[in-house]
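# Chain and residue survey
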Amino acid sequence: MTPTKKTYFASDIHLGNRYMPDAPESEKKLLRWLDSIKNDAAAVWFLGDIFDYWYEYKYVVPRGHVRFLGKLAELSDLGIEIHLFTGNHDIWMFDYLPGETGAVIHREPLAVELSGQKFFLGHGDEVGYRPLIYRIIQRIFRNRACQRLYVTVHPRWTFGFARRWSLSSRKNVPAAAKRPDGRAKYLEEFAESYLASHPGIRFFIFGHLHILLDKKLPPGEARLLVIGDWMRFFSYAEWDGSKLELKQFI
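Below is a short write-up of the structure. Note that the coordinates shown come from a computational prediction; the quantities given were computed from them, not determined experimentally.

### Some remarks on the nonpolar core
- Of all hydrophobic cores here, the largest spans 30 residues; its most connected members are W33, F46, F51, F68, I82 and L84.
- Secondary-structure elements contributing two or more residues to this core are β1 (6-10), α1 (23-37), β2 (41-46), α2 (66-77) and β3 (81-85).
- Sorting elements by how many residues they give to this core places α1 first, with 5 residues.
- The contacts of F46, once residues within four sequence positions are left out, are A10, I13, L34, F68, L72, I82, H83, L84 and F85.

### Notes on unusual backbone geometry
- Backbone torsion omega between P218 and P219 reads 5°, so that peptide bond is classified as cis.
- Mapped onto the secondary structure, P219 falls in the loop between β8 (212-216) and β9 (223-227).
- A positive phi angle, near 50°, is found at S115, a position not held by glycine.
- Topologically, S115 is positioned in the loop between β5 (110-114) and β6 (117-121).
- Although it is not a glycine, F234 adopts a positive phi angle of roughly 50°.
- Mapped onto the fold, F234 is located in the loop between β9 and β10 (235-239).

### So, the packing of aromatic side chains
- All chains considered together, the criterion is met by 26 aromatic pairs.
- Every member of this aromatic cluster is reached through a ring pair, and the members are Y8, W33, W230, F234, Y236 and F249.
- One Lys or Arg, K29, reaches over the ring of F234 and ends 3.8 Å from the middle of that ring.

### Considerations on the sheet that holds β8
- The sheet built from 5 strands is open, its strands ordered β5-β6-β7-β9-β8 with mixed pairing. Where the open sheet ends on each side, the last strands, each with one partner, are β5 and β8. Direction aside, the axes of adjacent strands within the sheet are offset by 20° on average.
- Pairing geometry for β8 and β9, over 5 bridges, is antiparallel. The residue bridging K215 from the neighbouring strand is L224, located in β9.
- Each of β5, β6, β7 (201-206), β8 and β9 is contacted by helix α9 (residues 185-197), which is oriented at about 155° to β7, the strand it contacts most.

### Considerations on the pattern of salt bridges
- Enumeration according to the criterion identifies 14 salt bridges in this entry.
- Residue K6 pairs with E238 through a salt bridge whose shortest N-O separation is 3.3 Å. Residue K6 is located in strand β1, and its partner E238 is located in strand β10; the two are separated by 232 residues in the primary sequence.
- When its relative accessible area of 22% is taken as the criterion, K6 is described as partly exposed.
- You can call E238 buried: its relative accessible area is 7%.
- One connected set of salt bridges, linked through shared partners, spans K6, D40, E238, K243, E245 and K247.

The rules behind these values
- Residues numbered from 1 in each chain as written.
- Predicted model: local features only at pLDDT ≥ 70, side-chain atom pairs only at ≥ 80, totals over all residues.
- Heavy atoms only, no water.
- Core = buried A, V, L, I, M, F, W, Y, C linked by side-chain atoms within 4.5 Å.
- Buried < 20%, exposed > 50% of the residue type's maximum accessible area, 1.4 Å probe, protein only.
- Helix = DSSP H or I, 4+ residues; strand = E, 2+ residues; numbered from the N terminus.
- Contact = heavy atoms within 4.5 Å.
- Phe/Tyr/Trp six-rings, centres within 6.5 Å; stacked < 30°, edge-to-face > 60°.
- Lys NZ or Arg CZ within 6 Å of the ring centre and 35° of its normal.
- Pairing = 2+ DSSP bridges.
- Axes fitted to C-alpha atoms, helices over the stretch in contact; angles between N-to-C directions.
- Salt bridge = Lys/Arg side-chain N within 4 Å of Asp/Glu carboxyl O.

Here's what the structure looks like:
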């Protein structure tokens with residue numbers, strides 16, 4: 001990363017969702033944002049749930065999203081790093097996106113240094129306290145044997161099941177936005193605990209919760225950011241090498 005270039009972070013775009021009446025316009029707005037940053041971007045990090053549902057079969061991938069995928073390939077061809085974290089909605093990303101767009105897939109949280117500062121990045125559902133039932137579901141979804149069984153079911157049924165599941169999970173989003181501090185408490189506790197053994201981390205950035213939060217962590221200068229979504233906030237974080245800002249694309 002050169003000193004004049006910036007790093008951008010976005011999360012929870014949920015491309016292909018069926019519960020937003022203006023979902024196609026949301027995707028076009030995302031493309032306009034990517035066009036607006038491509039001249040000064042060194043890297044773009046997508047912190048999970050880029051797709052509302054994604055499963056790669058051996059020879060088949062979900063329909064749609066061609067404008068977005070083309071834009072990722074364009075940015076990659078320009079030398080911009082593209083990083084995709086798997087989220088709880090698009091956990092089944094395998095080798096298609098790296099091969100077609102040049103993106104790097106991350107399946108676990110990651111500590112990385114950007115312009116001399118250390119960041120801890122993740123989707124937000126893989127750290128800290130998680131209910132037992134959620135951890136069981138995660139293990140099932142990540143299990144290779146279960147994935148092989150799932151792929152034997154016709155997509156007509158798997159896609160319908162996944163979309164109904166996704167719709168039910170959206171019911172808690174508006175309520176969560178009204179209490180961001182309480183919703184992100186488990187992330188704050190994780191970050192404080194992690195800092196005790198990794199004091200060099202300056203920024204913790206997550207998605208998943210569909211809230212906007214920028215909070216200083218005691219006792220030093222470390223900050224916790226939850227960067228909203230591209231369903232209501234059209235929000236992102238921008239790091240220019242000296243300043244990290246949470247912004248919204250208007």
